[in-house]
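Analysis of the macromolecular model
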Amino acid sequence: MMAGAGIHHGFSTGGNTILPAERATVLFDGIFSSPRLQHPEGVAVGPDGWVWAGSENGQILRIAPDGSAIGEVASTGGFLLGLAFDGDRALFACDSRHRAVFRLNLADRSLRRFTAPGIEVPNYAVVDRVRGRLYVSDTRAPGDPGPSIWSYDLETGAGDVWHGGPFDHANGMALAPEGDALLLCETFARRITRIAIAADGSAGEATTWSDDLPGLPDGLAFDDSGALFVGCYEPSRVLRIPAGGGPSEIYIEDATAHVLAHPTNIAFDGAALFTANLGRWHVTKIDTDTFGTPLWRQARGEPG
């Protein structure tokens, strides 16, 4: 349960950024910890205030808010990608090895497979409590433009293809602040796409929110002002897109890929923005100049 030793200094940047390098630090370095934090892709802030992350061997881990400890909650035995809390009821975990989404009951810590076979590579999940749905991106292989987003009933797990695409590597997603659309990373297109949600819950028109991104987008998170933050796998940086969409700006970056090391999913907890780092063994904390309500509170309908 003790934190491992690691890198806790700032990093150099290449070019103009909104935040200086020193605003990003390693929250927890898990290279030598027990349990280890191995190449995390998913990160989410839980109702317990801890930072939850997934490991490459299927472990669901939780890290103390001050980075002092880590513990294992459960394991799928697979390879975890995105994590999403359904309020204080459950945690959904995408597993690429098992080609399924798992549901962790937060009350008794029981873990079960939630989705039936069908989805190929469940990458990222978004909880839509208003409609009672769970949206999951299906990250197909290059040259395989198959079904791209699935929708499942939050209670039963019954679901089907919600949007067939094709999208260029459907990846991280976020529910729009108004709740009327999904925002999607098209990683290899270097584009964020907005997909309207129709009155009957079906997928509506897909339009470009921001394109020509200076990086490969992987994870998304809105702050409370409606600005969209984008974790870029390559180069190692976080972008910011203004409310309403448009050109992006480099919010913060790591030219050496040590503190931000191929960041993937990102999650707000007030003024803190946490990033998973697929390239290393740690979770990064960014001291931002904004504020974002944790998604678990939004799923419960709580204010920031």
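Keep in mind that this is a model prediction, so the values were computed, not measured.

Time to look at the pairing of strand β15 (residues 181-186). Here is the key point about a regular strand: its side chains alternate between the two faces of the sheet. In terms of burial, β15 is a largely internal element, six of the six residues being buried. Taking every second residue as pointing to the same face, both faces of β15 are buried, with A181, L183 and C185 on one and L182, L184 and E186 on the other. Examined bridge by bridge, strand β14 (residues 170-175) and β15 share four bridges and lie antiparallel to one another. Looking across to β15, one finds that L175 is bridged to L182. Two elements, β15 and strand β16 (residues 191-197), share six bridges in a ladder whose sense is antiparallel. Following the sheet pairing, C185 is matched in β16 by I192. From the end of β15 to the start of β16, which pair antiparallel, there are four residues, and R190 there has a positive phi angle of about 50°.

We now examine the confidence of the model for the chain. Taken as a whole, the chain shows an average pLDDT of 92; of its residues, 92% reach a score of 70 or greater. Across residues 1-14, confidence stays below pLDDT 50; counting only partners more than four residues off in sequence or on other chains, it has 47 contacts.

To continue, consider the sheet that holds strand β13 (residues 159-163). Where strands meet in a sheet, backbone hydrogen bonds hold them as pairs that are either parallel or antiparallel. One open sheet accounts for four strands, arranged β10-β11-β12-β13; its pairing is antiparallel. Lying at the two open borders of the sheet, with one neighbouring strand each, are β10 (122-128) and β13. Strand after strand, the sheet turns through a mean of 30° between neighbouring axes, direction not considered. Sheet analysis places strand β11 (residues 133-138) next to strand β12 (residues 149-153), joined by five bridges and oriented antiparallel. Within β12, the residue paired with S137 across the bridge is I149.

Below, the discussion takes up the sheet that holds strand β20 (residues 237-241). Taken in spatial order, the four strands line up as β18-β19-β20-β21 in an open sheet, and their pairing is antiparallel. The two strands at the open ends of the sheet, each matched to only one other strand, are β18 (216-222) and β21 (249-253). For this sheet the average axis-to-axis angle between neighbouring strands, irrespective of direction, equals 30°. Of the pairings in the sheet, the one linking β20 to β21 comprises four bridges and is antiparallel in character. Directly across from L239, in β21, lies its bridge partner I250.

Let's shift gears to the pattern of salt bridges. Under the counting rule described, the total for this entry stands at 13 salt bridges. A salt bridge links R23 to D287, with the nearest nitrogen and oxygen atoms 3.5 Å apart. Here R23 is found in the segment before β1 (24-29), whereas its partner D287 is found in strand β23 (residues 282-292), with 264 residues between them in sequence. R133 serves as the salt-bridge partner of D153, at 3.9 Å between the closest nitrogen and oxygen. Remark: R133 occurs in strand β11 and D153 occurs in strand β12; sequence separation between them is 20 residues.

Rules behind the numbers
Residues numbered from 1 in each chain as written. Predicted model: local features only at pLDDT ≥ 70, side-chain atom pairs only at ≥ 80, totals over all residues. Heavy atoms only, no water. Buried < 20%, exposed > 50% of the residue type's maximum accessible area, 1.4 Å probe, protein only. Helix = DSSP H or I, 4+ residues; strand = E, 2+ residues; numbered from the N terminus. Pairing = 2+ DSSP bridges. pLDDT = per-residue confidence, 0-100. Contact = heavy atoms within 4.5 Å. Axes fitted to C-alpha atoms, helices over the stretch in contact; angles between N-to-C directions. Salt bridge = Lys/Arg side-chain N within 4 Å of Asp/Glu carboxyl O.

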